[in-house]
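# Descriptive analysis of the structure
Letter by letter, the chains look like this.
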Amino acid sequence: GHARNKRSVCIDLKSTEGRDLVKKLSAESDVLIENFRPGKMEEWGLGPEDLEKINSELIYTRISGYGQTGPYSKLPGFASVCEAVGGFRYVNGFPDRPSVRPNLSMGDTMAGLQGVIGILLALQARNGNKRGGVQSSGKGQVVDVAIYESVFSLLEGVVSEYDGANVTRGCSGSTLTGIVPSNLYRGSDGKDIIIGANGDSLYSRLLDAMGVPKEDELRTWDSNAKRVENQDIIDAKIGEWVGMRSTEETLQILAKAKIPSGLIYSVEDMVTDPHYIARGQFEEVKIEELDRDLKIPAIGPRLTSTPGSTKHPGRSRPGQDSKEVLQEWLGMTDADITDLINSKAVIQND
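Report follows, based on the coordinates. Sequence order sets the numbering: in each chain, residues are counted from 1 along the sequence as written. Residue-level local features of this predicted model are given only where pLDDT is at least 70; pairs of side-chain atoms are given and counted only at 80 or more, and the full residue set underlies all totals for whole chains, interfaces and linings. Side-chain numbers come from the whole structure's heavy atoms, not from hydrogens or water.

On to helix α9 (residues 200-210), then. Buried within α9 are the following residues: L202, Y203, L206, L207 and M210. Around the axis of α9, the buried residues are gathered within 140° of arc, so they sit on the same side. Of the surrounding secondary structure, the elements contacted by the buried residues of α9 are β6 (192-196), α10 (224-229), α11 (231-242) and α12 (247-256). Positive phi shows up at G211, right after α9, with a value of about 75°. Residue exposure (1.4 Å probe, protein chains only): buried if accessible area is under 20% of the type maximum, exposed if over 50%, otherwise partly exposed. Helix and strand assignments come from DSSP, with helices taken as H or I runs of at least 4 residues and strands as E runs of at least 2, each series counted from the N terminus. The directions from the helix axis to the C-beta atoms form the arc being described. Any two residues whose heavy atoms approach within 4.5 Å are treated as being in contact.

Okay, here's the thing in structure tokens:
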């Protein structure tokens, strides 16, 4: 989905003609996004100060591993490493073994989201917002996104816990430190569910749903602080109860008691789930290389008046739209574009 709805223009930035094209395109643009090594765009004469002279309203967005400044800025920054430096790996996994990585490139995704947020804020500053009391600056600015900082922004109270209580939060397996009960439990069918009953009233309703007697010691742990001290006993009791029946039966009982709970979904569960389908979470698109449609995630979030849609899933060939974009945006002639293609400053893949 990363190339969805994007047109592909392929330009050789090592060539003078190619760099000139980028300047011309930047003059017609609201936003530029680049993720080269910090300093590379400046070497090409395409840095923020260079392009500001051409278009003072341009929002210049830079995504790198460690940001444009600081002692690590020149280091190569892959998401896998930045997830570690950003602190996420330290709290993800089980305490008795090395930390683990989710089977996703989370750092890249988070950096993309922070880039979008930064761009929207910069557009608001440039264009103004009367109701919000934001005066229009009429100027663009640089949005400096670092992958490690995007991950760092997810760490909730980790810094304050360390500074205020000298506590270093580490891995806690399938639980969340200081929140009980909130864990994974396995049913008799081998499937796993999550139960989050860490509020006092939720915990009481969970015990009712489990049929726990009023005199049972589980009932005495009626505050989160008490439950944290007895987490192992509580999780074992809940796990024993969940393991006696199928996950479907357990979830029905918990839904009736209004206890937050859910199955841990695989992608197979998602594509057949009636709620996913009712919410329109999938689209079918045509792929040139396949002889059938391909299912992809729909665009989110959902907007009521201007919902997103997939015009195309992404170009299969780099430079597929070079000619069209240069004609449409810069008014270039066929002869001009042919010269650029022949000089290899531009690639057009029909």
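Now that the structure has been shown, we can carry on.
This part covers the sheet that holds strand β2 (residues 31-34). Here the rule is simple: two strands pair whenever DSSP picks up at least two bridges between them. Read across the sheet, 3 strands follow the order β2-β3-β4 without closing on themselves; strand pairing throughout is parallel. Each edge of the sheet is formed by a strand with only one pairing partner; in this case those strands are β2 and β4 (142-146). Mean inter-strand twist for the sheet, computed between neighbouring axes without regard to direction, equals 15°. Looking at chain direction, strand β3 (residues 59-64) and β4 are connected through 5 bridges and run parallel. In the strand pairing of β4, R62 is matched with D144. Axis lines are fitted through C-alpha atoms, for helices just across the contact stretch, and the angle between N-to-C directions can take any value from 0 to 180 degrees. Helix α6 (residues 106-127) contacts β2, β3 and β4 of the sheet and is inclined by roughly 160° relative to β4.

In this scheme Phe, Tyr and Trp rings, the latter by its six-membered ring, pair at centre separations within 6.5 Å, and the angle between planes marks the pair as stacked below 30 degrees, edge-to-face above 60, and tilted otherwise. Under the definition given, this model contains 5 aromatic pairs. Relative to F282, the ring of Y276 has its centre 5.9 Å away and its plane inclined at 20°; by these criteria the two rings are stacked. Residue classification places F282 among the partly exposed residues on the basis of a relative accessible area of 24%. Among the aromatic residues, ring-to-ring pairing joins Y66, Y72 and Y148 into one connected group. When the ring centre of F94 is taken as reference, the NZ or CZ atom of R97 above it lies at 4.8 Å. Stacked on the ring of Y203, the Lys or Arg R227 has its end atom at 4.7 Å from the ring centre. Whether a charge sits over a ring comes down to the Lys NZ or Arg CZ being within 6 Å of the ring centre and within 35 degrees of the ring normal.

When two helices pack together, you describe them by how their axes are tilted relative to each other and by the distance separating the axes. Where helix α1 (residues 16-27) meets helix α15 (residues 322-330), the axes come as close as 10 Å, and the angle between the chain directions of the two elements is 50°. Accordingly, the angle class assigned to the pair α1 and α15 is oblique. Once α1 is placed against α15, the crossing between them reads as left-handed. In contact with L21, K24 and L25 of α1, α15 contributes V325, L326, W329 and L330. Under the grouping applied here, Gly and all other residues not named as nonpolar or charged are polar, the nonpolar ones being Ala, Val, Leu, Ile, Met, Phe, Trp, Tyr, Cys and Pro and the charged ones Asp, Glu, Lys and Arg. Its residues assigned to classes, the contact of α1 with α15 comprises 6 nonpolar, no polar and 1 charged. Just so you know how the angles are binned, under 35 degrees is roughly parallel, over 145 roughly antiparallel, 65 to 115 roughly perpendicular, and the rest oblique. Crossing handedness follows the turn of the near helix against the far one: under a right angle anticlockwise gives a left-handed crossing, and clockwise gives a right-handed one.

With respect to the element layout, A298 can be found in the loop between β9 (293-297) and α15. Along the chain, A298 and T310 lie 12 residues apart, while their C-alpha atoms are 7.8 Å from each other. Discounting chain neighbours no more than four positions away, the residues touching A298 are R4, G280, Q281, F282 and E283.

A word on the sheet that holds strand β5 (residues 182-186). Strand order in the open sheet formed by 3 strands is β5-β6-β7, with antiparallel pairing between adjacent strands. Only two strands of the sheet have a single partner each, and these edge strands are β5 and β7 (261-263). When the angles between neighbouring strand axes are averaged without regard to direction, this sheet yields 20°. In this structure, β6 lies alongside β7, joined through 3 bridges in antiparallel fashion. Each residue of the ladder has a partner; that of I193, found in β7, is L263. Sitting on the sheet, α11 touches β5 and β6, and the angle it makes with β5 is about 35°. Strand contacts of α12: β6 and β7, with the helix running at about 20° to β6, the strand carrying the most contacts.

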